[in-house]
Amino acid sequence: MSENIKDAFNTPEELSDILLVFDKEKKKILAVKGIDQNGNLETVDPTRKNQNQFMRVDKQGDVFSNFFSNFFSQLKNPTNFSFFKIPALLAVDTSKEMQKHLDHPTPEGEQLMKQHEVKDYKQKNEVNMETAQTNPETSEYKYKPEQIDWETLNHLGLSKEKLKKMNLLDPLLKGYKTNELVPVSLNLGTAVTRMDARLSLKQNDEGQVVLAIHGIRKEPNLNYPFFGHEFSKEDKDNLMQTGNMGRVVDLTNPKNNEIMPSIISIDRLTNEVIALRTDFIKIPDEIKGVKLSEEQKQTLFEGKPLALEGMVSKKGTAFDASVQFNADKRFVEFLFDRNDSNKQTQGNQQNQTQGAPKNFRDKELNNEQYQKLKDGQTVYISGLVDKKGKEYNGYITYNKETNKTDFSFQNPDKIKEQIKPSEAHKTQTAVNSEGKTNEATKNIQEPLKSGQTNPDNKKQQQQQEESNTPSKSKGPKM
């Protein structure tokens, strides 16, 4: 069973509910035990004999909603199942009534099924949209520390002091999600559940500030409508490849049926689907030294990717990349930052077979340049053209291990030469530090100066000459 689920919620009967499931293939009502490491649901027959194997879940609404969303996201083939939350003391009898309804449907049985069906995983997307649409970038605080129920957070292994120490309290109070995963533990007395999650604060329907736990999902849930939007194959492909859907769509607010033009992205840490209303999209005037035209700004505003050339890194190196606005981060990101470890591994395998490029920034190398580049030498290349149509020149080198071609305005070989030690310095280091011998200075009894290869005063000359003179015999006197 997965780490997040295996020790979950064995609470006392009067404080807990049982999770029942309708297996659509078996057409049976079963009791949930958990999820195995492969994402397969583990179940048992809902009999009194098996009661000690039933998964017990906390009755509290917010805690259960977070738990079930995380549970559901780890499940393989979720569409094969419908879930029901039943009070522990009534679970066995209620499961029998549900099975009777499935075998011989009745209006009363249908009502019973609807009464207990779990729909929190479908409602979870509302939290994602609410967080995005009410938290435009701002330096102002949205919440106050005294609005937070610190006693509830203590049950999650979190305290005001701990959040401060982790530098998480300030962004939470400003209305942001934590930019890293946080270990969360739920202590229910008889059991402790642990998981890694991103955290955020939100207001519930009663106006209270509560903690939202954004747990890790096995993969984004793209098979269900998202605020009325059904993901096309192209939408799914874009989201899985870059993390961004690449277009603006009209979403429907379920609370008031308001139409909300929005972009959609995937939270790269949790695989959560996140939407951001276009009202809150802010496109910068410049990205890494490249001023954006109105047409380029409009492309980014529409959620589309944009290729930019001639950007300059902090180290002063020119580079090209595609950029796109990300709904989760709420700023323009470089798409090459989105590769996960699996994609990097696949990319490295491909890179090993690609070799040195024949073209660089639309400039074709001649045979001599291409051969030098393949051999690991620095190649001077002229006639490159930036986005404004201006020509520029520079030096390129090819790294076989990373399959990357680096560009520099200065010759990297000359830079290396400038920092190479001179022959004189090598002599000094060899004699003083490594105990090696230089014939012209080997008998001098003091450290050499920088650049010194011969005696430079009478004392050193005398030491060298005396040592070169054969010693006289010291036999017995006659």
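Definitions and cut-offs
- Residues numbered from 1 in each chain as written.
- Predicted model: local features only at pLDDT ≥ 70, side-chain atom pairs only at ≥ 80, totals over all residues.
- Heavy atoms only, no water.
- pLDDT = per-residue confidence, 0-100.
- Contact = heavy atoms within 4.5 Å.
- Phe/Tyr/Trp six-rings, centres within 6.5 Å; stacked < 30°, edge-to-face > 60°.
- Buried < 20%, exposed > 50% of the residue type's maximum accessible area, 1.4 Å probe, protein only.
- Axes fitted to C-alpha atoms, helices over the stretch in contact; angles between N-to-C directions.
- Helix = DSSP H or I, 4+ residues; strand = E, 2+ residues; numbered from the N terminus.
- Parallel < 35°, antiparallel > 145°, perpendicular 65-115°, else oblique.
- Left-handed = near helix turned anticlockwise from the far one by under 90°.
- Polar contact = N/O pair within 3.5 Å; in protein donor to acceptor, adjacent residues only side chain to side chain.
- Pairing = 2+ DSSP bridges.
- Salt bridge = Lys/Arg side-chain N within 4 Å of Asp/Glu carboxyl O.

1. Considerations on the confidence of the model for the protein
Next up, step 1: Of the residues in the protein, 67% have a pLDDT of 70 or more, and the chain-wide mean is 75.
Next up, step 2: Contacts from residues 1-15, a stretch scored under 50 in pLDDT, to residues over four places away or in other chains number 57 contacts.

2. Considering the packing of aromatic side chains
Next up, step 1: Inspection of every chain in the model, using the stated rule, returns nine aromatic pairs.
Next up, step 2: Relative to F231, the ring of F226 lies with its centre 6.1 Å away and its plane at 40°, an arrangement referred to as tilted. Taken individually, F226 and F231 each receive the classification buried, so the pair is uniform in this respect.
Next up, step 3: Site record: aromatic cluster; members linked through ring pairs are F360, Y392, F407 and F409.

3. Topic: the packing of helix α2 (residues 91-103) against helix α3 (residues 107-116)
Next up, step 1: Packing of α2 against α3 leaves a shortest axis separation of 9 Å and a crossing angle of 130°. Judged by the inter-axis angle, α2 sits oblique to α3. Where α2 crosses over α3, the two elements pack in a sense that is left-handed. The residues of α3 that touch α2, namely those facing T94, E97, M98, H101 and L102, are G109, E110, L112, M113 and H116.

4. Describing the environment of Q203
Next up, step 1: Position of Q203 among the secondary structure elements: in strand β7 (residues 192-203).
Next up, step 2: Of the residues examined, Q203 reaches a relative accessible area of 38% and is grouped as partly exposed.
Next up, step 3: Separated by 60 residues in the primary sequence, Q203 and Y143 have C-alpha atoms spaced 9.6 Å apart.
Next up, step 4: At 3.4 Å, the side chain of Q203 and the backbone oxygen of G207 are in polar contact.

5. Digging into the side chain of H116
Next up, step 1: Within the secondary structure layout, H116 lies in helix α3.
Next up, step 2: Judged by relative accessible area, which is 15%, H116 ranks as buried.

6. Quick notes on the sheet that holds strand β20 (residues 391-399)
Next up, step 1: In spatial order, the strands read β19-β20-β21; together these three strands make up an open sheet with antiparallel pairing. Since the sheet does not close on itself, it has two edges, and those belong to β19 (379-385) and β21 (404-408), each with one partner. Direction aside, neighbouring strands of the sheet carry axes that sit 40° apart on average.

7. Overview of the pairing of strand β14 (residues 306-312)
Next up, step 1: Summarising the sheet, β14 and strand β15 (residues 318-326) pair through five bridges and their orientation is antiparallel. Note on β15: the bridge partner recorded for L308 is A321.
Next up, step 2: Between the end of β14 and the start of β15, which pair antiparallel, lie five residues, with G316 showing a positive phi angle near 85°.

8. A short note on the pattern of salt bridges
Next up, step 1: All chains considered together, the criterion is met by 19 salt bridges.
Next up, step 2: A salt bridge links E258 to R277, with the shortest nitrogen-to-oxygen separation between them at 3.4 Å. Of this pair, E258 sits in the loop between β9 (249-252) and β10 (259-266) while R277 is found in strand β11 (residues 273-277), placing the two residues 19 residues apart along the sequence.
Next up, step 3: Overall, the relative accessible area of 15% leaves R277 in the buried class.
Next up, step 4: Among the ionic pairs, R361 bridges to D320, the shortest N-O distance being 3.6 Å. With R361 in the loop between β17 (359-360) and β18 (363-364) and D320 in strand β15, this residue pair connects regions lying 41 residues apart in the sequence.
Next up, step 5: By relative accessible area, which is 31% here, D320 ends up partly exposed.

9. Concerning unusual backbone geometry
Next up, step 1: In the Ramachandran plot, N257 falls in the positive-phi region, its phi being about 60° despite a non-glycine side chain.
Next up, step 2: Looking at the element boundaries, N257 is found in the loop between β9 and β10.
Next up, step 3: Residue classification places N257 among the exposed residues on the basis of a relative accessible area of 59%.
Next up, step 4: Positive phi, close to 65°, is recorded for N271, a residue that is not glycine.
Next up, step 5: Checked against the element boundaries, N271 lands in the loop between β10 and β11.

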